Amino acid sequence: MTLPERSQSYWIASTPETSYEALEGDLAVDVAVLGGGIVGVTAAYLLKQHGLRVALVEARRIVTGVTGHTTAKLTSLHGLKYSQIVSQFDRERARLYADANEGAIRFVAAVVQEQGIDCDLHRMPAFTYTREAGELDRIHAEVEAAREAGLEASFVTETTLPYEVAGAVRVENQAIFHPRKYLLGLARLVDGDGSRVFEHTTARDVREGRPCVVTTDHGRIRADHVIVATHYPFLDRGLYFARLEPMRSYALGIRVAEPPPQGMFISTGEDFQSVRPHPENGGWLVIVGGVQHMTGRSSVPTMQHYRAVEAFAREAFTVESIDYRWSTQDNRTIDGIPYVGTYTPASPHLFTATGFDGWGISNGTAAAMILADLILKRHNRWAAAYDPARVGQLTKVGQMLRYGASNVDHLVRDRISQAAPLEVSDLAPGEGRVGKVGGETLAVSRAADGTLHAVAPACAHQGCLVTWNEAEQSWDCPCHGSRYAADGTLLHGPATKGLERRPLVE
Ligand code: FES
């Protein structure tokens, strides 16, 4: 009984593949929504419901990116977020954040009911817990901050976890669901009657104006408004590259002998542990998660992170099987609140949403509601709190520069000349390395079946040197989180094209 050989999200494995066509030629709509994750699909659904013609454009298949790799907790309790917001801002900001997330949960529940979408929605409480007595002050502070923010929060020492906790924040009436069943249901409601869903269509650029013009690899879209919902905003405007930190984390789908805990759980600290059950065929899958590191900057081979999650799962549960393993990525903002609104203060028709810090299911839904209201010119009480240009953002120059400076270390032009010679025959199956081959610096990997792939090592976004992610068999960029398959195919932006392939003979 070991870890599955290949990474595959349970959400993707348990739902059919979609087959929307690619864009062909030019098109005019009211709103172009770029990115088919929870923000894009929800925003497209809302705007169509209000009578607008929408084009939802996804570079690969919808809901296969970050939203397809979530742990899918529909909750307003986000670790120790309320204490963080109160210390960074004030109680009013924490109240708006809680209200937005509670509003998102109510929205999903209402849509599921109205549209009859079968997506395994179950109400259950959420917990932030600690096993360390020394952490209890932080738990008590979070209970107070969450209560003041309007959540039904309490301090508890009893949970349904199979191990003791020192204490926990408990928030009632949260929910679990199957994000792909939900969003594929919404996408079906988007496509048709003048609105369209396009897959395998990559947006390369947006020219702002009246109308805006989106250039894709399959044609152009004219639209009065454009939403960039590509997880990491791919247009280099608005200084997002300097104020987002892309982070990766890991999850396992396991079967256990004991009754699964009934709730969503996360422990405090950077080395967090996450647990939540999911109903399946009359039984339960338990999704356990943990570990966090910046994309492309793991200090150990990435399979070790899965093994750390596995060790936790085996310590906590009687594990019968490990059926799935998958990892995900999300962006952290400077102050802990997502950026949702106009792309820049000078972009009245271009919008974005990003920086959910691992809590993108509720925040992503709230973001779509905010963006739809902004486009429909309706008041939204959460919008100012999430505004990407909110007060204090652009003055955090120190942090921005610190992050920017750490990126410079990974820039390719400095390191490319220092690359060591690479003996391709030394590469083991599953291994990847950057090195000089025949005078040229290449990123070379060997697949499990022995196939060699060689690609240019400079990220297609801004040229940083990519690093090998053995667990996902991908090249990951340490600067802004772009990711590529072993053969150079683009997996994740902000890059909008893949790494160039290079010929290689062994
Ligand atoms: Fe920006 Fe790679 S993602 S340089």
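See the structure printed just above.
This structure is a prediction, so every number in the text was calculated from the model and none was measured.

Procedures and definitions
Residues numbered from 1 in each chain as written. Predicted model: local features only at pLDDT ≥ 70, side-chain atom pairs only at ≥ 80, totals over all residues. Heavy atoms only, no water. Helix = DSSP H or I, 4+ residues; strand = E, 2+ residues; numbered from the N terminus. Buried < 20%, exposed > 50% of the residue type's maximum accessible area, 1.4 Å probe, protein only. Contact = heavy atoms within 4.5 Å. Expected span 1.5 Å × (residues − 1). Polar contact = N/O pair within 3.5 Å; in protein donor to acceptor, adjacent residues only side chain to side chain. Core = buried A, V, L, I, M, F, W, Y, C linked by side-chain atoms within 4.5 Å. Pairing = 2+ DSSP bridges. Axes fitted to C-alpha atoms, helices over the stretch in contact; angles between N-to-C directions. Parallel < 35°, antiparallel > 145°, perpendicular 65-115°, else oblique. Left-handed = near helix turned anticlockwise from the far one by under 90°. Nonpolar A, V, L, I, M, F, W, Y, C, P; charged D, E, K, R; others polar.

### A word on the environment of Val-466
Of note, Val-466 is situated in the loop between β20 (452-455) and β21 (467-469). Judged by its relative accessible area of 2%, Val-466 falls in the buried class. For the pair Val-466 and Ala-456, spaced ten residues apart in sequence, the C-alpha to C-alpha distance is 9.2 Å. Apart from residues lying up to four places away in sequence, Val-466 is in contact with Val-434, Ala-443, Pro-457, Cys-459, Trp-475, Asp-476, Cys-477, Pro-478, Tyr-484 and Leu-499.

### Focus on unusual backbone geometry
Following Arg-210, the chain continues to Pro-211 via a peptide bond in cis, the omega torsion being 5°. By the element assignment, Pro-211 lies in the loop between β8 (203-207) and β9 (212-216). Between Gly-493 and the following residue, Pro-494, the backbone shows a cis peptide bond with an omega angle of 25°. Relative to the elements of secondary structure, Pro-494 occurs in the segment after β24 (490-492). Phi is positive for Asp-120, close to 60°, though the residue is something other than glycine. Within the element layout of this structure, Asp-120 appears in the loop between α4 (91-115) and β4 (122-130). Although it is not a glycine, Asn-281 adopts a positive phi angle of roughly 50°.

### Quick notes on helix α5 (residues 136-148)
For α5, with 13 residues, the first-to-last C-alpha span of 18 Å sits near the 18 Å given by 1.5 Å per residue. Listed in full, the buried residues belonging to α5 are Leu-136, Ile-139, Glu-142, Val-143, Ala-145 and Ala-146. Elements in contact with the buried residues of α5: α3 (81-88), β4, β5 (153-156) and β6 (167-176). At the C-terminal side of α5, Gly-150 shows a positive phi close to 105°.

### A closer look at the side chain of Arg-390
Positionally, Arg-390 belongs in the loop between α9 (383-386) and α10 (397-408). A polar contact of 2.8 Å, which involves the side chain of Arg-390, links it to the side chain of Asp-335. Engagement of the side chain of Arg-390 in a polar contact is seen with the backbone oxygen of Tyr-386, the distance being 3.3 Å.

### Some points on the nonpolar core
By size, the foremost hydrophobic cluster in this structure holds 82 residues, and its most contacted members are Tyr-82, Tyr-182, Ile-227 and Tyr-386. At eleven residues, α4 tops the list of elements feeding residues into this core. Setting aside residues no more than four positions away along its own chain, Ile-227 makes contact with Val-31, Ala-32, Val-33, Leu-34, Ala-43, Leu-47, Phe-351, Leu-371 and Ile-375.

### Side note on helix α2 (residues 38-49)
With twelve residues, α2 ought to run about 16 Å at 1.5 Å a step, and its terminal C-alpha atoms sit 16 Å apart, in line with that. Of all twelve residues in α2, eleven are buried; the element is thus mostly enclosed. Residues Ile-38, Val-39, Gly-40, Val-41, Thr-42, Ala-43, Ala-44, Tyr-45, Leu-46, Leu-47 and Lys-48 constitute the buried set of α2. Taken from the residues just after α2, Gly-51 is the one with a positive phi, measuring 90°.

### Details of the pairing of strand β17 (residues 350-354)
Summarising burial for β17: five of the five residues are buried, a large majority. Burial along β17 is two-sided: the residues Leu-350, Thr-352 and Thr-354 and Phe-351 and Ala-353 are all buried. By the bridge criterion, three bridges tie strand β10 (residues 219-228) to β17 in an arrangement that is parallel. Pairing of Val-228 across the sheet is with Thr-352, part of β17.

### Quick look at the pairing of β6
Counting buried positions along β6 gives seven out of ten residues, so the element sits mostly inside the fold. In the sheet, β4 pairs with β6 via eight bridges, with the strands oriented antiparallel. By the bridge assignment, Tyr-129 is partnered in β6 with Ala-168. With four bridges connecting them, β5 and β6 associate as antiparallel partners. Within β6, the residue paired with Ala-153 across the bridge is Val-171.

### Some remarks on the packing of α2 against helix α6 (residues 179-190)
Relative orientation of the contacting elements α2 and α6 amounts to 40°, with a least axis distance of 9 Å. The angle between α2 and α6 falls in the class oblique. The handedness of the crossing between α2 and α6 comes out as left-handed. Counted together, Ile-38, Val-41, Thr-42, Ala-44, Tyr-45 and Lys-48 of α2 and Leu-183, Leu-186, Ala-187, Leu-189 and Val-190 of α6 form the full contact between these two elements. Tallied by class, the residues present in the contact of α2 with α6 amount to nine nonpolar, one polar and one charged.

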